[in-house]
2 protein chains.
Amino acid sequence: MNTDNTKSQMRKGMLEYCIMLLLHRQSCYANDIIQRLREAEMIVMEGTLYPLLSRLKNDGLLGYEWRESTQGPPRKYYTLTADGEEALRQLDASWEEISRTVNFLKQ
Amino acid sequence: MNTDNTKSQMRKGMLEYCIMLLLHRQSCYANDIIQRLREAEMIVMEGTLYPLLSRLKNDGLLGYEWRESTQGPPRKYYTLTADGEEALRQLDASWEEISRTVNFLKQ
DNA sequence: TTATAGTACCTTGCGATACAAGGTATTATA
DNA sequence: TATAATACCTTGTATCGCAAGGTACTATAA
């Protein structure tokens, strides 16, 4: 029984949405995001996150700026662009639709 | 902006769960499932559904039986097995967890 | 009887993406 | 000066949804 696989599949598509929800509230750099999503019980790997952030940036949904750190190398802080905020609103709607679907099917 | 792509990604992982929710209530054959999920606003393609049903059957989560049709060729009706019911309960828990995560991130 | 349309099942090839593993660069500390 | 810690990124693999194409059976019309 591969429930773990299905479970991870269920979480897969939600990742972008969750990351955008996070960035809607505050700018973050990669390790911030990993940390905060872990607190929200969603595990993300570095190898997943970096390409995903690049993808969203190339799509114009995210921007970033370098900030110095007192602890090590500089950090790349990502922020939602106006297009990103608009996309997030559409994803909010998609999430609502999925919720409705599941609740409908659960009767 | 590829919101459609992200939206479809969001739905991706939910498909198995939704199909199992459906089969929990009644046995269905493929076109039944496509029809009923469409009513629940979740679009599924044949090329997606058939391999998915085979996968779940091979994992022992679904069984099937052939039934004659008055309208054409016989139909393959799928039903949740006991293992399938158990897996569904675990997916219910995963869905609850994802809901909590999203609501937590939405504040 | 034969041809056509409808229904139902399945497979192949492609693209997208999460993840594991490995790599590079910068900074602080021993 | 060497090591550890932090931070960024890339490559290779496996999975999976989807579009397109294919086979088979049944009913209907010519």
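The sections below set out a description of the structure shown in this document. Only a predicted model underlies this, so the values are computations on that prediction, with no experimental measurement involved. (Residues numbered from 1 in each chain as written. Chains lettered and ligands numbered in written order. Predicted model: local features only at pLDDT ≥ 70, side-chain atom pairs only at ≥ 80, totals over all residues. Heavy atoms only, no water.)

1. Quick look at the interface of chain B and chain A
- Taken together, the contact between chain B and chain A spans 41 residues of the former and 41 residues of the latter.
- Here chain B packs against chain A, burying approximately 4,000 Å² in sum over the two surfaces, 66% of which is carbon and sulfur.
- Here Lys7(B) ties to Glu97(A) by a salt bridge, and the two come within 3.8 Å at their closest N and O atoms.
- Of all the secondary structure elements, the ones that give two or more residues to the side of chain B that touches chain A are helix H1 (3-12), helix H2 (14-25) and helix H5 (82-105) of chain B. (Contact = heavy atoms within 4.5 Å. Buried area = accessible area lost by both parts, 1.4 Å probe. Salt bridge = Lys/Arg side-chain N within 4 Å of Asp/Glu carboxyl O. Helix = DSSP H or I, 4+ residues; strand = E, 2+ residues; numbered from the N terminus.)

2. Considering unusual backbone geometry
- Even without being a glycine, Glu41(A) presents a positive backbone phi close to 65°.
- Tracing the backbone shows Glu41(A) in the loop between helix H3 (30-39) and helix H4 (46-58).
- Residue Glu41(A) is classed as partly exposed on the basis of its relative accessible area of 41%.
- Phi at Gln107(B) takes a positive value of approximately 90°, unusual for a residue other than glycine.
- Examined against the element boundaries, Gln107(B) turns out to sit in the segment after H5. (Buried < 20%, exposed > 50% of the residue type's maximum accessible area, 1.4 Å probe, protein only.)

3. A closer look at the protein's contact with DNA strand C
- Not every one of the 23 residues close to DNA strand C is listed here, only the nearest: Met45(A), Tyr29(B), Tyr50(B), Arg75(B) and Lys76(B).
- Counted by atom, the contact set of DNA strand C within 4 Å of the protein is 72% sugar and phosphate.
- In this structure, Glu46(B) approaches DNA strand C through a side-chain N or O atom, which is 3.3 Å from a base nitrogen.
- Note that a phosphate oxygen of DNA strand C is positioned 2.3 Å from one of the side-chain N or O atoms of Lys76(B).
- Elements represented by at least two residues in the surface near DNA strand C include exactly helix H1 (3-12) and H4 of chain A together with H1, helix H3 (30-39), helix H4 (46-58) and strand S2 (75-80) of chain B.
- Considered class by class, the residues forming the surface near DNA strand C number 9 nonpolar, 8 polar and 6 charged. (Near = heavy atom within 4 Å. Polar contact = N/O pair within 3.5 Å; in protein donor to acceptor, adjacent residues only side chain to side chain. Nonpolar A, V, L, I, M, F, W, Y, C, P; charged D, E, K, R; others polar.)

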